[in-house]
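Take a look at the letters that make up each chain.
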Amino acid sequence: MPYDPSAFPPFAVTVDLVVLTVRRHSLCALVVRRGEPPFQGRWALPGGFVRADEDLAGAAARELVEETGLHALDPSAPAPAGGAHLEQLATYGDPDRDPRMRVVSVAHLALSPDLPAPRAGGDAQGARWAPVEDLLGQEGALAREDEQPALLAFDHARILADGVERARSKIEYSSLATAFCPQEFTVGELRRVYEAVWGVALDPRNFHRKVTGTPGFLVPTGGTTTRQGGRPAQLFRAGGATLLNPPMLRPEV
């Protein structure tokens, strides 16, 4: 059958970003307040349309800078030294997900240590970090402080939930949890990352035994720190292992 352009209505491609960090021992996501219709005034994940002359990774990095002022992410650099861990999450193409036209979104997941307070830019009226439990629960801090529904625009609640679950599952069997830590960190700081992402309390002794006994997971730096208070704690850096054997299995809640 010959190609008939009229049989294929025009559509657009966007990128949406699930940017996660740990702030005040809570897993937080970056959200922006939409400054234009549709869903004007509602909170949404940062993102936007892919330009004709850019690839998906380039569009994701550009949108992050334009809408929030956060430093561009380099997907080819190692985390955390090169910025944030960045990976494609999933593609969302429901015909009715955007009231303007047919829009397919390629979502990206970004993880990084305690990121700075964002600033709004581009077509965003505001930008902030919000605990994922408030966003996914559709109630709590955002609704109380803004006196507006906390319901995220478009299908962004689904995208956020998928991104959070990806992060929760990947830190079970990979060294991805170290992407939330500075270059040198203590076992206690790493444990608090797991606790924030999983939303559970972990036994400190068992956790220390597991992470230090997993080959290639952590490497001692030879230094210590008292930044958490109390006695000096040993500092580690991420080892060369990308897959953990045995894995760090999530406790059943």
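Nothing here was measured: the structure is a model prediction, and the numbers come from that model.

(A) Highlighting unusual backbone geometry. For the peptide bond that leads from P37 to P38, omega is -5°, which places it in the cis range. Along the chain, P38 turns up in the loop between β2 (26–34) and β3 (43–44). Cis peptide bonds are those with omega within 30 degrees of zero, and the linkage from N245 to P246 qualifies with 5°. Phi is positive for R24, which is not a glycine, with a value near 55°. Note that R24 resides in the loop between β1 (11–23) and β2. With relative accessibility at 73%, the residue R24 sits in the exposed group. Residues other than glycine seldom take positive phi values, yet F154 does so here, at roughly 50°. By secondary structure assignment, the location of F154 is in the loop between α3 (141–146) and α4 (156–173).

(B) Here's a closer look at helix α5 (residues 187–198). Here α5 contains twelve residues, and its C-alpha end-to-end distance of 16 Å stays within 8% of the 16 Å for a straight helix at 1.5 Å per residue. The element α5 is largely enclosed, with a buried count of eleven among its twelve residues. Of all the positions in α5, only V187, G188, E189, L190, R191, V193, Y194, E195, A196, V197 and W198 are classed as buried. In this fold, the buried residues of α5 make contact with β1, β2, α4, α6 (204–213), β8 (218–225) and β9 (233–238). Positive backbone phi, approximately 75°, marks G199, located one or two places after α5.

(C) The nonpolar core, seen in detail. Grouped together as the largest cluster of nonpolar side chains are 44 residues, with contacts concentrated most on L20, L190 and Y194. Of all the secondary structure elements, the ones that give two or more residues to this core are β1, β2, β5 (85–92), β6 (102–111), α2 (132–137), α4, α5 and α6. C28, L64, A110 and W129 belong to the second largest nonpolar core, which has ten residues in total.

(D) Up close: the pattern of salt bridges. Using the criterion set out here, one finds eleven salt bridges in the structure. Among the ionic pairs, R62 bridges to E63, the shortest N-O distance being 3.1 Å. The exposure classification of R62 matches that of E63, with both residues buried. Through salt bridges that share partners, D16, R97 and D155 make up one connected network.

(E) Expanded view of the environment of A177. Mapped onto the secondary structure, A177 falls in the loop between α4 and α5. Considered as a pair, A177 and L190 are 13 residues apart in the sequence and their alpha carbons are 7.3 Å apart. With residues up to four places along the chain from it excluded, the contact list for A177 reads I171, L190, V193 and Y194.

(F) Highlighting the packing of α4 against α5. At a minimum axis distance of 9 Å, the contact between α4 and α5 shows a crossing angle of 140°. With respect to each other, α4 and α5 are oriented oblique. Every pair of crossing elements has a handedness; the one defined by α4 and α5 is left-handed. On α5, the residues touching A167, R168, I171 and E172 of α4 are Y194, V197 and W198. Residues of the contact of α4 with α5, tallied by class, amount to five nonpolar, no polar and two charged.

About the thresholds
- In this numbering scheme, every chain counts its residues from 1 along its sequence in written order.
- Only residues with pLDDT of 70 or above have their local features reported here, since the model is predicted, and side-chain atom pairs are shown and tallied only from 80 upward, although totals for entire chains, interfaces and linings are computed over all residues.
- As a rule here, side-chain values cover all heavy atoms of the structure and leave hydrogens and water aside.
- Numbering goes from the N terminus for both helices and strands, where a helix is a DSSP run of H or I of at least four residues and a strand is a run of E of at least two.
- Exposed residues in this analysis have more than 50% of their type's maximum accessible area, buried residues have under 20%, and partly exposed residues fall in between, with area computed by a 1.4 Å probe over protein chains only.
- One less than the residue count of a helix, multiplied by 1.5 Å, gives the span that helix is expected to have.
- The contact definition used throughout considers only heavy atoms, calling two residues in contact when any of these lie within 4.5 Å.
- Nine residue types can take part in a nonpolar core, namely buried Ala, Val, Leu, Ile, Met, Phe, Trp, Tyr and Cys, and a core is a set of them joined through side-chain atoms within 4.5 Å.
- By convention in these notes, a salt bridge is any Lys or Arg side-chain nitrogen within 4 Å of a carboxyl oxygen on Asp or Glu.
- Fitted lines through C-alpha atoms serve as axes, helices being fitted only where they are in contact, and the angles separating the N-to-C directions of these axes extend from 0 to 180 degrees.
- Every angle not falling under 35 degrees, over 145, or within 65 to 115 is termed oblique; those three ranges are roughly parallel, roughly antiparallel and roughly perpendicular.
- Handedness of a helix crossing follows the sense of rotation of the near helix relative to the far helix, less than a right angle counterclockwise being left-handed and clockwise being right-handed.
- Three classes are used: nonpolar for Ala, Val, Leu, Ile, Met, Phe, Trp, Tyr, Cys and Pro, charged for Asp, Glu, Lys and Arg, and polar for all others, with Gly counted as polar.

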